[in-house]
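# Structure at a glance
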Amino acid sequence: MKLYESHISEFNEKSIKEHQNQFDFLGDTLDKKNINTLNVVDALAKFQVAIPSWALGAGGTRFGRFSYFGEPSNLTQKLDDVGLLHALTQTAGAISLHIPWDVPEDYNAIKEQAKSLNLKFDAVNSNTFQDQANAKESYKFGSLCNTDEAIRAQAIAHNQDVIKIGEKLGSKSLTVWLADGANFPGQNNFQTVLSNTENSLKSIYKTLPDDWKMFIEYKPYEPNFYSTVIQDWGTSFMLANACGDKAYTLVDLGHHLPNTNIEQIVSTLMLKGKLGGFHFNDSKYGDDDVTVGSVKPYALFLIFNELVYGMQNNPQNPDLSWMIDASHNIKDPLEDLMQSLEAIQEAYAKALLVDQSALKQAQSVHDVVACQEILQRAYRTDVRPLLAQARLQSGGALDPLALYRGLDVRQTLIEERGKHTIASGL
Ligand code: LRH
Ligand code: MN
């Protein structure tokens, strides 16, 4: 479904006055606190989050999958959906492909389409957690870690192929997430599988173009339920250092054991210049992959507070890659992604309102109460007029979700694509 500027401008017209009043009121409040509202709005407008190509259909669990009609059934339709998200929000300016779920048939056509939708290709993701129909070797007992040299070689070659696909699309980074691990004590020799993984990653790293990055994503469990080779940030950090300057740790918010202090991990990785990027989502128990900010919005704010501090004080850490990694079991995937984009922008905006120098001052005199007040004053600020203003000045909708529903986009997608199309991915 093509969204025209007129759709957005006519819609914004109806609520522009109310928005202007709220924006002006908040602007006055922030001025009194010496906060430059326009700088915050500019930072929000520049903040682009990549949409995962594998999260545009209804996901599912082992207990079932409930289709969400009108799903994209090929890469062209997936790009159209991300293009629509970006037209509405102006904050979804990139797509992250998963190989082999999204191998382009016609590279020029796909690149032309992405250009016409103002979309870039973010990190490409390899997949050695599933066996491909025509594959010679199986990853049942692991891929890059496998004790069988032929299986490791197949997995290394796959990652090198993914890099080549990314190069043709203009992507500049490879994300490696490994399901590799064990379901039972004694199944693996921990040192053997870790050394194999390190050497395999080094082989992949050798073929990384000079201006590329390699993101090493960690996860404590699932699909293996006793041990995972790259189980935590420390292991990923160690492997990234072993590979070299172009290798970094990727933090998926859902990949932490309950109550892990993720903001401290983020702070540590930025200090060491090894934080590569994020997979944003939320969770209450495990890798639930639910809507960002839907369960722990304050935790997300605390993470962005460390990110803002790091972006202001850690030039040793490169620009970060921002990606969503969620799956949608019961919500319209596009509505779910719009809610996630809003929650990410909201956490970032609130973190930009933190008076970092006052906080540093209060910390230096151990005024613990003042420290909390400074953080929560920012968190308690309703920043939504800033997000709407950033969208407005970038040509987006003041209220993307309301316009999406107002135009009954999902019904149009069903009419265009049919009811029972299924999107590849999770
Ligand atoms: C693993 C993960 C990884 C992707 C997959 C789709 O849980 O987060 O980032 O490859 O989800
Ligand atoms: Mn992930």
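The chain is annotated in an unreviewed UniProt entry as Sugar isomerase from Formosa undariae.

### Overview of the coordination of the manganese ion (ligand 2)
Every protein donor of the manganese ion (ligand 2) is listed here as E217 (OE), D252 (OD), H279 (ND1) and D325 (OD), and their distances to the metal cover 2.1 to 2.2 Å. Around the manganese ion (ligand 2) sit six donor atoms; with metal-centred angles ranging over 72 to 168°, the donor geometry is octahedral. Along the chain, the residues donating to the manganese ion (ligand 2) fall in the pattern E-x34-D-x26-H-x45-D. One end of the pair, E217, is in strand β7 (residues 213-217); the other, D252, is in strand β9 (residues 247-252), and 35 residues separate them in sequence. Of the two residues, E217 and D252, neither departs from the other in class, the shared state being buried.

### Examining the site of ligand 1
Among the twelve residues in the neighbourhood of ligand 1, the closest are listed as H98, E217, K219, D252 and D325. In this structure, an oxygen atom belonging to ligand 1 sits 2.8 Å away from a side-chain N or O atom of H98. In the environment of ligand 1, an oxygen atom lies 3.1 Å from a nitrogen or oxygen atom belonging to the side chain of D287. Protein chains shield 96% of the accessible area of ligand 1, which is 300 Å² for the free molecule.

### A short note on unusual backbone geometry
Cis rather than trans, the peptide bond between I99 and P100 has omega equal to 15°. Looking at the secondary structure, you find P100 in the loop between β2 (94-96) and α4 (107-116). Along the chain, E222 connects to P223 via a cis peptide bond; the corresponding omega equals 10°. Even without being a glycine, D408 presents a positive backbone phi close to 50°. Topologically, D408 is positioned in the loop between α14 (400-406) and α15 (409-417).

### Section: helix α11 (residues 356-364)
Of all the positions in α11, only Q356, L359 and A362 are classed as buried. Along the axis of α11, the buried residues cluster in a sector spanning 125°; they form a single face. Buried residues along α11 sit in contact with α9 (297-313), α10 (333-352) and α12 (368-379). Once α11 finishes, H366 follows within two positions and takes phi at roughly 55°, a positive value.

### Details of the pairing of strand β11 (residues 321-324)
Residue alternation in β11 divides its side chains into two sets, S321 and M323 and W322 and I324, and both sets are buried. Examined bridge by bridge, strand β10 (residues 275-280) and β11 share four bridges and lie parallel to one another. From the neighbouring strand, G277 faces β11, where its bridge partner is S321. Regarding the hand of the β-α-β motif, the stretch spanning β10, α9 and β11 is right-handed.

Reading the values: rules and limits
- Per chain, the residues get numbers from 1 upward, laid out in the order the sequence is written.
- Here the convention is simple: chains get letters from A, ligands get numbers from 1, in the order in which they are written.
- Predicted model: local features are reported for residues with pLDDT of at least 70 only, side-chain atom pairs are reported and counted for 80 or more only, and whole-chain, interface and lining totals are derived from all residues.
- Hydrogens and water molecules were not included; the side-chain quantities draw on all heavy atoms of the structure.
- Sites may look incomplete because water is not among the atoms; the donors themselves are N, O and S atoms within 2.8 Å of the metal, or within 3.2 Å for Na, K and Ca.
- By the criteria applied here, four donors are tetrahedral when all angles lie between 85 and 135 degrees, four are square planar and six octahedral when opposite donors are over 155 degrees apart and every other angle lies between 65 and 115, and any other arrangement is irregular.
- Only runs of H or I of at least four residues qualify as helices and only runs of E of at least two qualify as strands under DSSP, and these elements are numbered from the N terminus.
- Burial classification: accessible surface area is computed with a 1.4 Å probe over protein chains only, and a residue below 20% of its type maximum counts as buried, one above 50% as exposed, and the rest as partly exposed.
- Only heavy atoms are used to decide nearness, and a residue is near a molecule or strand if one of them lies within 4 Å of it.
- Two N or O atoms form a polar contact when they lie within 3.5 Å of each other; inside protein one atom must be a possible hydrogen donor and the other a possible acceptor, and for residues adjacent in sequence the pair counts only when both atoms belong to side chains.
- In these tables, accessible area is a Shrake-Rupley quantity obtained with a 1.4 Å probe, and a residue counts as shielded only by the protein chains included in the view.
- The directions considered for the arc are those from the helix axis to the C-beta atoms.
- Two residues qualify as a contact provided that any one of their heavy atoms is within 4.5 Å of a heavy atom in the partner residue.
- Strand pairing is assigned whenever DSSP detects at least two bridges linking the two strands.
- A crossover counts as right-handed when, viewed with the strands pointing away from the observer, the path leading from the first strand over the helix to the second turns clockwise.

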